[in-house]
Every structure is written in structure tokens, then in C-alpha cells.
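Structural overview for review
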Amino acid sequence: MHRMLRNFPSKQLKFIFLIILFATGQIYSQNIKAKYKILGVRVEGNKTADANTIIANSGLKIGSTIDIPGDATINAIKRLWSLNLFTPTIKIEIEKKIGNGVFLVIKLKEYPRLASYKIVGSDAVDEDDIKKEIPFNKGHILKPQDIYRSIIKIKKLYTDKGYLNTKISTKE
């Protein structure tokens, strides 16, 4: 009797382990690669960048065969992101499947472009000195890191003049 009780939990554990193993296999089996012919590509989220230029820079060509998921889509996203025009949220999704062909959609968001800027409340530091630290012109692509660097440079101007608690804000 004692031996029977000792083996009982291990049999249950083996059974539970097998159930979990099969269940996770079903969940992860959705990432199976498949070959598709690209029937069309369109772009969503572009404001100033030309859709045909985006598609050309992605490297995705109508008529070519790609694995999904695969290196072609990953490399297309990397190519587009390296242009420094788009936020890192670029996605390439299947819009429609027809047989072994797919219509793809490239979903992206452009960084904003500078229309104008105004300096307000800069009594302690000359406005021209501040403008020297802001390397932006009209139409310049405003990436968050560029804005942050400019804020740091402007804060340094104030710190050098003895204003240690200066607050700088930006508005879109």
C-alpha cells in the first residue's frame, strides 16, 4: 500500500506534464513558415513619404516569393527603419491571401516634421544663443532623441549662467 501511494503522485505529474507539452505545442505551432508569392504591397500611415518609394526601399517586390514569417519581412522592416524617417513600430502584415499568393500591407508611422518653433520666456539667455543649439530647420524630421539632445544643450546654457532649476518643455 505504501509503495502504491508513493508512485501515485509521479504518475499524475507525468500525465499533467504531457498535457502541458501538447497544449504548448498547439499554441506555438502557429509560427509555421510558408512560401507565398507577393501579389501586391501597399503602405499605411505615411503622410509625406511616397508609398512607391517606401515599397522600393523595403525590397519587397511584386511577383517574388517569400517565406512568412521569414528574413524577407524582417530585412524589409530593418531597411525602412534605417532610413530614420519612421518610428520603430513598423509592421508588415498579410492583408489578403489568395491561394499561395498574398497582398501585404506595410504599417508605419512617420516621425513628425518641424513646421516652425518659437522660443518663449528666455530672459536669462539670449535667444540667438538658444537658436544656435537647436539644429532644426523647417521640414526637419523630429526624432525624440534629437529633441532630447537639444533640450540638454539648452539646459547647459542656463546652467552655465547659474540657473540650475530651468524647465524646458516642447509642444507638438
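Everything below is about the structure printed above this text.
Here goes a summary of the coordinates provided.

1. Points about the sheet that holds strand S3 (residues 91-98)
Overall, mixed pairing links the four strands, which are arranged S2-S1-S4-S3 in an open sheet. Looking along the sheet, the strands with just one partner apiece sit at the ends: strand S2 (65-68) and S3. Taking the axes of each pair of neighbouring strands and ignoring which way they run, one obtains an average angle of 50° across the sheet. Where strand S1 (residues 34-44) and S2 come together, four bridges link them in antiparallel fashion. Pairing of tyrosine 36 across the sheet is with isoleucine 66, part of S2.

2. Digging into helix H5 (residues 144-160)
The terminal C-alpha atoms of H5 lie 25 Å apart, and with 17 residues this matches the ideal 24 Å at 1.5 Å per residue to within 8%. For H5, the complete set of buried residues consists of Asp146, Ser150, Ile151, Ile154, Leu157 and Tyr158. One face of H5 carries all of its buried residues, which in axial projection span an arc of 135°. Exposed side of H5, more than 90 degrees from the buried face: Pro144, Tyr148, Lys156 and Asp160 are the residues found there.

3. Observations concerning the nonpolar core
Among the nonpolar cores identified, the biggest contains 19 residues, and Leu60, Leu104, Ile106 and Leu108 are the most heavily contacted of them. Those elements that place two or more of their residues in this core are S1, helix H2 (51-58), S2, helix H3 (71-82) and strand S4 (101-107). Looking at this core, the element that brings in the most residues is S1, giving four residues. Residues in contact with leucine 108, not counting those within four places in the same chain, are Val43, Glu44, Gly45, Asn46, Ile54, Leu80, Phe86 and Ile90. If you look at the next biggest cluster of nonpolar residues, it comprises 10 residues, including Ile119, Phe136, Ile154 and Tyr158.

Reading guide: rules and limits
Numbering of residues starts from 1 in every chain and runs along the sequence as written. Per-residue local features of the predicted model are confined to residues with pLDDT of at least 70, and side-chain atom pairs are confined, for both listing and counting, to 80 or more; whole-chain, interface and lining totals are unaffected and use all residues. Heavy atoms throughout the structure, all of them, feed into the side-chain values; hydrogens and water do not. Two strands are said to pair when DSSP picks up at least two bridges between them. Comment: elements are numbered from the N terminus, with helices defined as DSSP H or I runs of at least four residues and strands as E runs of at least two. Note on geometry: axes are lines fitted to C-alpha atoms, helical ones only across the stretch in contact, with angles between N-to-C directions running from 0 to 180 degrees. Helix span is expected to be 1.5 Å times the residue number reduced by one. Only protein chains enter the accessibility calculation, which uses a 1.4 Å probe; a residue is then buried when its area is under 20% of its type maximum, exposed when over 50%, and partly exposed in between. Comment: arc refers to directions from the helix axis out to C-beta atoms. Here, nonpolar core means buried Ala, Val, Leu, Ile, Met, Phe, Trp, Tyr and Cys residues that are tied together by side-chain atoms lying within 4.5 Å of each other. Any two residues having at least one pair of non-hydrogen atoms within 4.5 Å are treated as being in contact.

On their own, these measurements won't tell you what the molecule is for.
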